[in-house]
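Tertiary structure, described
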Amino acid sequence: MKQAELVIIGGGPAGLCAAVSAARSGAKVLIIERNKDLGGQLLKQTHMFFGSEKQYASLRGIDIPAILISELEKYKERVEIIKEATVVGVFEDGVITVLEKEENYFKIAPKALVLATGAYEKYLSFPNNDLPGIYGAGAVQTLMNVHGVKPGNKVLMVGAGNIGLIVSYQLMQAGVKVEAILDAAPKIGGYLVHASKVRRMGVPILTSHTVKEAIGKEELEKAVISQVDEKFSPIEGSEKTLDVDVMCISVGLTPLNELLAMRGCKMKYIPQLGGLVPLRNENYETSVENLFVAGDATGVEEASAAMVEGFLAGLCAAEKIGYRLDNFEEMKNDYLKQLEELRSGPAGKHILSGIEQIVL
Amino acid sequence: MRIEEHPILNFDKKKKIKFFFNGQSVEGYEGDTIASALHAAGVKVLGKSLFLHRPRGFYCAIGNCSSCLMTVNGVANVKTCVTDLEEGMNVEIQEGKGEIV
Ligand SMILES: Cc1cc2nc3c(=O)[nH]c(=O)nc-3n(C[C@H](O)[C@H](O)[C@H](O)COP(=O)(O)OP(=O)(O)OC[C@H]3O[C@@H](n4cnc5c(N)ncnc54)[C@H](O)[C@@H]3O)c2cc1C
Ligand code: FES
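Now for a look at the structure at hand.

Calculation notes
- Residues numbered from 1 in each chain as written.
- Chains lettered and ligands numbered in written order.
- Predicted model: local features only at pLDDT ≥ 70, side-chain atom pairs only at ≥ 80, totals over all residues.
- Heavy atoms only, no water.
- Pairing = 2+ DSSP bridges.
- Helix = DSSP H or I, 4+ residues; strand = E, 2+ residues; numbered from the N terminus.
- Axes fitted to C-alpha atoms, helices over the stretch in contact; angles between N-to-C directions.
- Contact = heavy atoms within 4.5 Å.
- Phe/Tyr/Trp six-rings, centres within 6.5 Å; stacked < 30°, edge-to-face > 60°.
- Buried < 20%, exposed > 50% of the residue type's maximum accessible area, 1.4 Å probe, protein only.
- Lys NZ or Arg CZ within 6 Å of the ring centre and 35° of its normal.
- Expected span 1.5 Å × (residues − 1).
- Buried area = accessible area lost by both parts, 1.4 Å probe.
- Salt bridge = Lys/Arg side-chain N within 4 Å of Asp/Glu carboxyl O.
- Polar contact = N/O pair within 3.5 Å; in protein donor to acceptor, adjacent residues only side chain to side chain.
- Nonpolar A, V, L, I, M, F, W, Y, C, P; charged D, E, K, R; others polar.
- Arc of directions from axis to C-beta.
- Parallel < 35°, antiparallel > 145°, perpendicular 65-115°, else oblique.
- Left-handed = near helix turned anticlockwise from the far one by under 90°.

1. Quick word on the sheet that holds strand 11 (residues 205-207) of chain A
Residues and elements named next belong to chain A. Sheet architecture is open: five strands sit in the order 8-15-9-10-11, paired in parallel fashion. Only two strands of the sheet have a single neighbouring strand rather than two, namely strand 8 (134-136) and strand 11. Averaged over all pairs of adjacent strands, the angle between strand axes in this sheet comes to 20°, irrespective of strand direction. Alignment of strand 8 against strand 15 (residues 246-249), held across three bridges, turns out to be parallel. Each bridged residue has a counterpart across the sheet, and for glycine 136 the counterpart in strand 15 is isoleucine 249. Taken strand by strand, helix 3 (residues 137-145) contacts strand 8 and strand 15, and its axis lies near 85° from that of strand 8.

2. Comments concerning the packing of aromatic side chains
In this structure the tally under the stated criterion is three aromatic pairs over all chains. Ring centres of tyrosine 135 of chain A and phenylalanine 58 of chain B lie 4.2 Å apart, and the angle between their planes is 5°; on these two criteria the pair is classed as stacked. Highlighted residues: tyrosine 135 of chain A in strand 8 and phenylalanine 58 of chain B in the loop between strand 4 (55-56) and strand 5 (69-72), drawn from two different chains. Phenylalanine 58 of chain B matches tyrosine 135 of chain A in its accessibility class, with the two residues each being buried. With centroids separated by 5.6 Å and ring planes inclined at 10°, the aromatic side chains of phenylalanine 311 of chain A and tyrosine 335 of chain A adopt a geometry described as stacked. Here phenylalanine 311 of chain A, found in helix 7 (residues 303-320), pairs with tyrosine 335 of chain A, found in helix 8 (residues 328-342); they are 24 residues apart in sequence, far enough to count as distant. Phenylalanine 311 of chain A sits in the buried class, given a relative accessible area of 12%. Lying across the ring of tyrosine 284 of chain A, arginine 280 of chain A places its NZ or CZ 3.8 Å from the centre.

3. Here's the deal with the sheet that holds strand 14 (residues 240-243) of chain A
Residues and elements named next belong to chain A. A sheet is described by the order of its strands in space; here three strands give the open sequence 12-13-14, paired in antiparallel fashion. Two strands in the sheet have a free side with no partner beyond their single neighbour: strand 12 (209-215) and strand 14. For this sheet the average axis-to-axis angle between neighbouring strands, irrespective of direction, equals 30°. Note that strand 12 and strand 13 (residues 222-227) share six bridges and pair antiparallel. Its bridge partner lying in strand 13, histidine 209 is registered against glutamine 227.

4. A few points about helix 4 (residues 162-173) of chain A
All names here are of chain A. Counted at 1.5 Å a residue, the expected span for helix 4 with its twelve residues is 16 Å, and the 16 Å between its end C-alpha atoms agrees. Turning to helix 4, its buried residues number three or more, namely Asn162, Gly164, Leu165, Ile166, Val167, Ser168, Gln170, Leu171, Met172 and Gln173. On its buried side, helix 4 packs onto helix 3, strand 9 (154-158), strand 10 (177-183), helix 5 (192-200), strand 11 and strand 15.

5. Considerations on the interface of chain A and chain B
Listed by partner, the interface residues are 39 residues for chain A and 30 residues for chain B. Taken together, both faces of the contact between chain A and chain B bury some 3,000 Å²; the carbon and sulfur share is 54%. The tally of links between chain A and chain B comes to four salt bridges. Among the salt bridges present, the one from aspartate 84 of chain B reaches lysine 36 of chain A, with a minimum N-O distance of 3.0 Å. Taken together, chain A and chain B are joined by 14 residue pairs in polar contact (both at pLDDT 80 or more). Counting residues per element, the ones that place at least two in the side of chain A that touches chain B are strand 7 (119-121), strand 8 and helix 3 of chain A. It is helix 3 of chain A that provides the largest number of residues to the side of chain A that touches chain B, a total of five residues. The residue makeup of the side of chain A that touches chain B, split by class, is 17 nonpolar, eleven polar and eleven charged.

6. Quick notes on helix 2 (residues 64-73) of chain A
Residue and element names in this part refer to chain A. For helix 2, the set of buried residues is Ile64, Pro65, Leu68 and Leu72. In an axial view of helix 2, the angular spread of the buried residues amounts to 95°, which keeps them on one side of the axis. In this structure, the buried side of helix 2 is in contact with helix 1 (13-25), strand 2 (29-32), strand 3 (79-82) and helix 7.

7. Quick look at the packing of helix 3 of chain A against helix 4 of chain A
Each pair of packed helices can be described by the angle between their axes along with the distance between the axes. Residue and element names in this part refer to chain A. At a closest axis distance of 10 Å, the pairing of helix 3 and helix 4 adopts a crossing angle of 30°. In terms of axis orientation, helix 3 runs roughly parallel to helix 4. Along this stretch, helix 3 crosses helix 4, giving a crossing that reads as left-handed. Residue-level inspection shows Ala137, Val140, Gln141, Met144 and Asn145 of helix 3 in contact with helix 4, the latter providing Ile163, Val167, Gln170 and Leu171.

Here you go:
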């Protein structure tokens with residue numbers, strides 16, 4: 001069995017920041033990432049980030065991983081990275097199991113763990129929602145921005161949150177027509193800057209609308225949409241049929257953290273945070289000692305918050321196993337303050353009402 | 001359907017990779033996953049559901065949902081959305097659950 005000090009599961013923004021922070025404190029870290037490349041969701045974000053400078057705002061998402069990786073390089077004698085390896089189990093005795101490249105299966109006994117596995121896309125139910133051509137918005141983003149392949153010719157975007165708006169814009173940048181963006185809510189969920197950008201390019205944003213059904217034999221051919229009333233029930237007679245070969249589902253994300261439930265962490269369902277999340281203390285340590293969390297896996301927010309949480313969890317996990325920085329308190333308070341600032345807007349209020357219920 | 005022009009990203013054509021889909025010769029490029037190469041070649045249906053045999057395409061494209069399982073070089077249940085395309089690969093639509101080899 002492989003021994004390790006601090007294992008970080010997931011090399012997205014949260015995991016990378018946790019690694020930087022822990023290695024800076026003096027701990028030996030091992031990052032395990034399922035993908036070929038580090039960076040998580042950032043690898044497909046071609047747009048400029050919002051947030052503040054401390055969290056690399058106004059850079060494009062795709063350019064942030066390189067900065068974090070070069071930061072990690074500074075501590076390379078203490079950092080090990082295993083890519084194309086998935087953590088498949090976290091057991092009661094603290095042992096974790098890893099499947100590397102679908103063939104090499106091994107165990108690790110770490111002193112502490114930071115879980116930063118991110119989130120996955122929610123689904124929407126309507127007749128024929130399983131037809132090929134109906135994809136998660138993130139999947140379409142990956143197909144376009146990582147592989148350079150168009151998802152189709154005409155797209156219906158379902159969901160007018162930031163992801164729906166941004167991916168619509170990116171579809172147009174790739175030369176794909178977006179027929180409409182719809183959202184069941186009476187108001188656009190995403191930022192107005194993003195909404196204005198797509199509207200200026202002639203894409204209608206239909207609020208109080210939903211998908212009634214998808215039509216197609218082997219693949220999506222048409223989508224029937226309809227207006228909804230205040231109770232989100234479809235309004236009879238308001239149906240319209242759109243000729244689309246792609247439908248993007250962008251109705252939010254939900255934390256990816258089954259490994260925590262498997263290990264026995266106390267979990268709670270918090271809608272404001274996207275679903276089932278672990279209880280945790282101010283240091284982002286869960287109800288299981290030496291098991292920390294950070295990023296979307298603790299509650300769906302943004303990359304900016306994920307990075308600060310990563311820095312904080314890495315700092316505290318290292319301290320817990322004996323690597324305490326001289327200015328530990330100062331650093332910790334700085335991260336806590338950054339999180340407070342990030343959550344000071346109206347969206348932050350909503351997030352905070354969820355966080356209140358999970359802090360140990 | 002490849003992106004030809006893009007304001008931010010650069011998709012210069014890389015090395016071509018030849019592979020087989022249900023016995024037919026298809027082309028992709030270096031950097032493709034099996035699913036992205038098939039999609040670019042116009043193939044959206046990657047499999048059939050187990051019981052109702054409904055067509056299945058990919059959904060998440062990052063290895064989370066198992067909607068893209070195919071048989072590759074005789075090995076069943078390969079997540080084609082996160083498996084790199086390789087020269088000469090034999091990719092097939094899978095019947096049922098697949099056999100353990
Ligand atoms: C379209 C879109 C636009 C966005 N725009 C912005 C923006 O403008 N500003 C902003 O701040 N945020 C933005 N975000 C949000 C941001 O991308 C996420 O909040 C952020 O990436 C979360 O970071 P993370 O590290 O928690 O998770 P992720 O980035 O999802 O990283 C998780 C990593 O863990 C790996 N992993 C998962 N499970 C395992 C396992 N079992 N074993 C090993 N590895 C595993 C994954 O492969 C992945 O690399 C956007 C998101 C999307 C989808
Ligand atoms: S499409 Fe979800 S696992 Fe491949």
